[in-house]
Amino acid sequence: QVQVVESGGGLVQPGGSLRLSCEVSSGVFSFGAVDWYRQAPGKRRELVASITGIGSTYYSDSAKGRFAISRDNAKNSAYLEIQNLKPEDTAVYYCYFDQTWGQGTQVTVSS
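To start, this report covers the structure provided alongside it. Quantities reported herein were computed from a predicted structural model and do not represent experimental measurements.

1. A closer look at the sheet that holds strand β8 (residues 77-82)
Two modes of strand pairing occur in sheets, parallel and antiparallel, and in both the strands are linked by backbone hydrogen bonds.
Working step 1: Taking strand neighbours across the sheet as the criterion, the four strands line up as β1-β3-β8-β7 in an open arrangement whose pairing is antiparallel. Sheet topology places β1 (3-7) and β7 (67-72) at the edges, where each strand pairs with a single neighbour. Across the sheet, the mean angle separating the axes of adjacent strands is 15 degrees when strand polarity is ignored.
Working step 2: Sheet topology note: the β7/β8 ladder contains six bridges and is antiparallel. Its bridge partner being in β8, Arg 71 is matched across the sheet by Ala 78.

So, in C-alpha cells, the structure goes:
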C-alpha cells in the first residue's frame, strides 16, 4: 500500500522561503509522476507543480517563477521549494502519487 507523507510547512514571513518534502513508500516511485497541490481556505484544491519519473516538470501559471519542484528517486522523495512567499500562498499543500494523497502540510505566510 502506497503511503505519502508531507513535511516542511510552517509559519513564514512574506518574502521568506520554504522547502516542502514528500516521502513516498512505494517500490515504483521512480517510475511515477509526483504532483503538488494546494488548497487555500474556502477554495478548491489546485495543482501547483508536477514532476515525472525522469524529471520533466510542469508548473501552473501561479507557480511559475517562484516554485521549484524536484525529486530524489534514491530517497523516494520529492520536494517543492517556494521562494518569495506571499500571503496568497497560504494553504495546505498536498503531495499526490499513484492515486494516493498525503495528509497535507500547512503553509502560512504572515507578518
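2. Quick look at the side chain of Ser 77
Working step 1: Within the element layout of this structure, Ser 77 appears in strand β8.
Working step 2: Here the side chain of Ser 77 touches Lys 75 through a polar contact of 2.9 Å, landing on its backbone oxygen.
Working step 3: Look past the residues within four positions of Ser 77 in its chain and what remains in contact with it is Cys 22, Glu 23, Phe 29, Arg 71 and Asp 72.

3. What about the pattern of salt bridges?
Working step 1: Tallied over the entire structure, the rule returns four salt bridges.
Working step 2: Here Glu 46 makes a salt bridge to Arg 38, at a shortest N to O gap of 2.7 Å.
Working step 3: For Glu 46, a relative accessible area of 33% translates into the label partly exposed.
Working step 4: What makes Arg 38 buried here is its relative accessible area of 8%.
Working step 5: Among the salt bridges present, the one from Arg 66 reaches Asp 89, with a minimum N-O distance of 2.8 Å. With a gap of 23 residues between them, Arg 66 in the loop between β6 (57-59) and β7 and Asp 89 in the loop between β8 and β9 (91-97) connect regions that are remote in the sequence.
Working step 6: Looking at Asp 89, the relative accessible area reads 1%, which means it is buried.
Working step 7: Connected via shared salt-bridge partners are Arg 38, Glu 46, Arg 66 and Asp 89.

Reading guide: rules and limits
Residues numbered from 1 in each chain as written. Predicted model: local features only at pLDDT ≥ 70, side-chain atom pairs only at ≥ 80, totals over all residues. Heavy atoms only, no water. Pairing = 2+ DSSP bridges. Helix = DSSP H or I, 4+ residues; strand = E, 2+ residues; numbered from the N terminus. Axes fitted to C-alpha atoms, helices over the stretch in contact; angles between N-to-C directions. Polar contact = N/O pair within 3.5 Å; in protein donor to acceptor, adjacent residues only side chain to side chain. Contact = heavy atoms within 4.5 Å. Salt bridge = Lys/Arg side-chain N within 4 Å of Asp/Glu carboxyl O. Buried < 20%, exposed > 50% of the residue type's maximum accessible area, 1.4 Å probe, protein only.

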